[in-house]
Amino acid sequence: MPGRADGGGVGGGWAGGGRVGGGRVGGGRVGSGLVTAPDPRAAEAGAAMLRAGGSAVDAAVATAFATGVVEPFMSGVGGGAWLVIREPGAPTATTVSGPIRAPALATPEMFPLVPSGPGTGLYGWPAVRDDANIVGPLSVGVPGAVAALCHAHARFGRLPLAQVLAPAIELAEDGHETNWFASAAICTDARTLRRFRSSAELFLPDGLPLRGPSMGPGDRLVQPRLARVLREIAAGGPDAFYRGRAARAIATTLAAAGGLLREADFAGYQAEERQVAPIEIGTIVAGATVAGAVGAGGIVAGGIGTDGTGTDGIGTSALGAGGLRLYGPAATGVITVAEALQLVAAARRRGLPPGPALWARVLSHAMDDRLREVTTDEPAPWTRLATAEYAAEVVDGWLAGRDPGPREAGGPPKAGCTSHMSAVDGDGMTVALTQTVLDLFGSRIVEPETGILLNDGMMYFDPRPGQVTSVVPGAAGLSAVSPLILEGPGGAEATLGASGGRRIISAVAQIAARWHDGAGLQEAVSAPRLHAEGRRVWLDRRAAAADERTAGELAAAGFDVQIVAEEPTTWHFARPNGIARRAGGRWAAGVDLMKPYGVGVPTP
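Calculation criteria
Residues numbered from 1 in each chain as written. Predicted model: local features only at pLDDT ≥ 70, side-chain atom pairs only at ≥ 80, totals over all residues. Heavy atoms only, no water. Core = buried A, V, L, I, M, F, W, Y, C linked by side-chain atoms within 4.5 Å. Buried < 20%, exposed > 50% of the residue type's maximum accessible area, 1.4 Å probe, protein only. Contact = heavy atoms within 4.5 Å. 1 Å grid on protein atoms, 1.4 Å probe; cavity = no way out; pocket = protein on both sides within 12 Å on 5 of 7 lines; lining within 4 Å. Points joined across faces, edges and corners; volume = space filled by probe spheres on them. Helix = DSSP H or I, 4+ residues; strand = E, 2+ residues; numbered from the N terminus. Nonpolar A, V, L, I, M, F, W, Y, C, P; charged D, E, K, R; others polar. Pairing = 2+ DSSP bridges. Axes fitted to C-alpha atoms, helices over the stretch in contact; angles between N-to-C directions. Polar contact = N/O pair within 3.5 Å; in protein donor to acceptor, adjacent residues only side chain to side chain. pLDDT = per-residue confidence, 0-100. Phe/Tyr/Trp six-rings, centres within 6.5 Å; stacked < 30°, edge-to-face > 60°.

With that settled, consider the nonpolar core. Of all hydrophobic cores here, the largest spans 154 residues; its most connected members are Leu-230 and Leu-341. Each residue touching Leu-230, except ones within four places of it in the same chain, is listed here: Phe-65, Val-69, Val-77, Leu-165, Ala-168, Ile-169 and Ala-172. Counting residues in hydrophobic clusters, the runner-up holds 20 residues, among them Phe-73, Leu-193, Ala-200 and Leu-221.

Written out as structure tokens, the structure is:
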């Protein structure tokens, strides 16, 4: 259930400080398997699959469907999903992607802009009239979560699909207690939710938000219409959703409201499976660095770049000797995570000191590259951004004074709302899974017949025609999700991901670096972080307090520094979780102690 981090920092990162106190974090092992999730009820759904002899994919898929029930405002069957699956010792991983796609009737000119309006949406692109790309029927894209989850289960599951969905069906049909986190989310968006009758009926009964526990239990959220949809999927698989009653109801409702989604969009949807080799970062081999590149089949290894001789010890987050391998879906936030890590590794090889000023410069540069170059096409020219060669060119430019410094960002970093979960099983299979309805409560539309909260996936696209991420019929938008499977020095392994819009990228990159450099995963997750875009840096108050010079050094480097404190209901630095072990060790969880979280716990 909800926990809080203590007031001090955590070792193993640039901020220094104390360690998370208060006993064992994580645990909850099922044999040698483990599940982490953003809600304990969802984690228990996955743990139940492991106890029944299921695979890590069974556990992850059960957790995902259950998560969509207990926090539908973050993710669910009305959104998208991305999985990374690695079998023990395999040289590659499998990615299964079910992104939210633009309807076939969508056009680059479909959203009239607000003249001189402030930046808005996930990436701070120009504002759209009536926020039509964020709220309402035009904002809804084709949901891919069901396709991805069912495809992964069909490929790697051991248990019947009906058994995997049973916990989610029970949570929806019998109802579950609204926790404080859900109640806070409903309160945050109540003004918008009340515009849509079916949404208000579900989340604002009697015109007031569902209450979390206080002097007594929280209100119960009962979703019988959603339970019926889940039963249909359990019995008929993805076809029951994409070619059945749910698709017909959603398309009919949206068409009547002026939306563009049609039954044919559902019927033609397919999840994408790829085999990916790792992006290798910071691997020192006989004076050379093994680079990463991306080929037609996804991310593949290749290329050699020159390297200096300097390495850094544990705790510097500098990506020293030993290397780090990332497996993840291309055309997501993973490319930008990899770029940031390559830049840190290149900077350290050139002798630049580790610390917040370097991380701010790296993250600002990587995000700027992302908005200028990254599309959802595969393969594409932007894949060079994930290579060590490109990182070396950038750092050489910094040292030669050719870089103009941080640029103005398009808008504030909207948090977005997403769910991440991880699972491992007794055989050593690892799974990282991120799913989303994109914005908090997605489009804010609960389809009345099915009870499905629909995504606002059109916010993924730049509303201006002629841009690298403009609206294209059938295309997937520019998602920031970053589910990763990691390999560290000496055979260490981890799964990792987060929720929190484009802040996911900065969180996952910094946590991966700290873990690589020797921190335990819980230490790495709990350590203070920063987020940087353009000239603006959001700095954790604990880091500023640990070293009063930090904010000044960032300001001297040209950044506008905002010192912020992460609270239970804020999203300054994303909400991560994952599972990790060192060679020969046991799996242990890393979770955001400031938010509700779940670690799968076996029954005695």
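Once that is clear, we can look at empty space enclosed by the protein. Within the structure shown, the criterion is met by eight cavities of 30 Å³ or more. Each pocket or cavity is described by its volume, and for the largest cavity that value is around 150 Å³. In this structure, the largest cavity is lined by 22 residues; those nearest its centre are Gly-68, Ser-75, Gly-76, Val-77 and Leu-226. Mapped onto the lining of the largest cavity, the elements with two or more residues apiece are helix H2 (56-70), helix H3 (145-156), helix H7 (197-203), helix H8 (224-236) and strand E13 (430-438). Ranked by the residues each element gives to the lining of the largest cavity, the list is headed by H2, at four residues. Looking at the lining of the largest cavity, its residues break down into 15 nonpolar, seven polar and no charged.

Take the sheet that holds strand E14 (residues 484-487) next. One open sheet accounts for six strands, arranged E7-E11-E14-E15-E19-E20; its pairing is antiparallel. Of all the strands in the sheet, the pair left with one neighbour each is strand E7 (279-281) and strand E20 (588-591). Ignoring which end each strand starts from, the neighbouring axes of this sheet average 20 degrees apart. Where strand E15 (residues 493-499) and strand E19 (residues 575-581) come together, seven bridges link them in antiparallel fashion. Directly across from Ser-499, in E19, lies its bridge partner Arg-575. Here helix H15 (residues 503-516) sits on the sheet in contact with strand E11 (324-327), E14, E15 and E19, set at roughly 155 degrees to E15.

Read across the open sheet, the seven strands follow the order E6-E3-E2-E13-E12-E1-E21; overall the sheet is antiparallel. This sheet does not close on itself; its edge strands, each paired only once, are strand E6 (272-276) and strand E21 (598-599). When strand E1 (residues 34-37) meets strand E12 (residues 417-424), the two strands line up antiparallel, connected through three bridges. Bridge pairing in E12 links Thr-36 to Ser-422. Strand contacts of helix H1 (residues 40-51): E1, E12 and E21, with the helix running at about 160 degrees to E1, the strand carrying the most contacts.

Tracing the sequence through the fold places Thr-434 in strand E13. In this structure the side chain of Thr-434 is engaged in a polar contact, spanning 2.7 Å, whose partner is the side chain of His-420. Filtering out sequence-adjacent residues up to four positions away, Thr-434 remains in contact with Gly-80, Ala-81, Trp-82, Thr-418, Ser-419, His-420, Val-481, Pro-483 and Ala-498.

Across the protein, the average pLDDT comes to 86, with 85% of residues at or above 70. The model gives residues 1-29 a pLDDT under 50, and that stretch makes 84 contacts with residues more than four places away or in other chains.

If a residue is not glycine, its phi is most likely negative; likewise, a peptide bond is most likely trans. The backbone phi angle of Asp-130 is positive, close to 60 degrees, even though this residue is not glycine. For Asp-130, the location among the structural elements is in the loop between strand E3 (93-98) and H3. On the basis of relative accessible area, Asp-130 is assigned to the exposed category, the value being 65%. In this structure, Leu-438 takes a positive phi of about 80 degrees despite not being glycine. Here Leu-438 lies in strand E13.

Moving on, we get to the packing of aromatic side chains. Under the counting rule described, the total for this entry stands at 10 aromatic pairs. Seen from their ring centres, Trp-180 and Phe-181 are 5.8 Å apart, and the 85 degrees between their planes marks the pair as edge-to-face. Since its relative accessible area comes to 26%, Trp-180 is described here as partly exposed. Pairing Tyr-242 with Tyr-269 gives two aromatic rings, centres 5.7 Å apart and planes at 10 degrees, and the pair type is stacked. You can see Tyr-242 sitting in helix H9 (residues 238-242) and its partner Tyr-269 sitting in the loop between helix H11 (263-267) and E6, a full 27 residues away along the chain. Joined through ring pairs, the aromatic side chains of Phe-73, Trp-180, Phe-181, Phe-203, Phe-441 and Trp-571 make up one cluster.

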